[in-house]
Every structure is written in structure tokens, then in C-alpha cells.
Amino acid sequence: MRIATDPFLQRFNLTLNVKGASGCASSTELFPDTGYAGRRNVYQASTGSVYVVGQYDARVVDVSCRTSLSEFRHLDRNVVFIGSFDQDESRHWTYVSAAQRPELPFEKR
């Protein structure tokens, strides 16, 4: 969900809502999107966890839907890219699967 927090700064709060196959659910705030830097790549880890990785933050969603903030250096590197939450050509927020578009790297700043 994207909600404008300041009409002049192009800043949006992002919320990650998770619903698991087992019926579990959770919600957590992500690092705000400031000037269209909100893309989140999604990865499946070998542990069964899902990583939601942005330019400035990374969340780990475990099999019971618990979401935690993680440092990048603590993420497993043995992952499979499954898609991204990103803007489409019309600047609408959407999910883009790995079959639709390959993984895009984040800009180094």
C-alpha cells in the first residue's frame, strides 16, 4: 500500500502484508519510498524463508509469517529470485514475476 506522506517530497510509506499458505498473516512497515526508490526484490531462501529486499532495507519472512528486519550481510546468498514489487510503465505499484522480467540490481550510492 502506498500513502503519500508529503505532497511536495514524493515520499510514500510502504506496508508489507503477508498471508501464508498455513493461514498465518502479518503486516510490517518498510523503509519509505522516497522518489521512486521503493522497488523490492523478492527471493526464496533455501531455509524456506522469503526475503523482501529494497535499496535500503531487507525483511525476512519466515514460514510462520513472522517478519523481521535484517542486515544485508546476514542474508543467505543461496537464494532464488522470484519477482519484484515495482512500478509498471504507468507508475502503478504492482508485482512483477521473474518470468515477466529478470532481476534488476539496485543502484550503488
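The structure presented is a predicted model; accordingly, all values stated were derived computationally and were not measured.

**Student:** Is there a simple way to think about the sheet that holds strand β6 (residues 58-61) in this case?
**Tutor:** Within a beta sheet, neighbouring strands are joined by backbone hydrogen bonds and run either parallel or antiparallel to one another. Here six strands make up an open sheet; going across it, the order is β7-β6-β5-β4-β8-β9 and the pairing antiparallel. Strands at the two margins of the open sheet, each flanked by one partner only, are β7 (67-70) and β9 (93-97). Adjacent strand axes in the sheet meet at a mean angle of 25° when their direction is disregarded. Of the strand pairs in this sheet, strand β8 (residues 79-87) and β9 are connected by five bridges, and their pairing is antiparallel. Considered in β9, the bridge of Phe85 is made with Tyr95.

**Student:** Sorry if this is basic, but what is going on with the state of the cysteines here?
**Tutor:** The term disulfide refers to a covalent linkage connecting the sulfur atoms of a pair of cysteines. For the structure on display, the rule yields one disulfide. At a sulfur-sulfur separation of 2.0 Å, the disulfide partner of Cys24 is Cys65. Residues Cys24 and Cys65 are joined through a disulfide that is right-handed, its torsion about the S-S bond being 55°. Here Cys65 lies in the loop between β6 and β7 and Cys24 lies in the loop between β2 (11-19) and β3 (25-34), a separation of 41 residues in the sequence. Taken as a pair, Cys24 and Cys65 share a single burial class, namely buried.

Each value, and the rule that gives it
Residues numbered from 1 in each chain as written. Predicted model: local features only at pLDDT ≥ 70, side-chain atom pairs only at ≥ 80, totals over all residues. Heavy atoms only, no water. Pairing = 2+ DSSP bridges. Helix = DSSP H or I, 4+ residues; strand = E, 2+ residues; numbered from the N terminus. Axes fitted to C-alpha atoms, helices over the stretch in contact; angles between N-to-C directions. Disulfide = S-S within 2.5 Å. Buried < 20%, exposed > 50% of the residue type's maximum accessible area, 1.4 Å probe, protein only.

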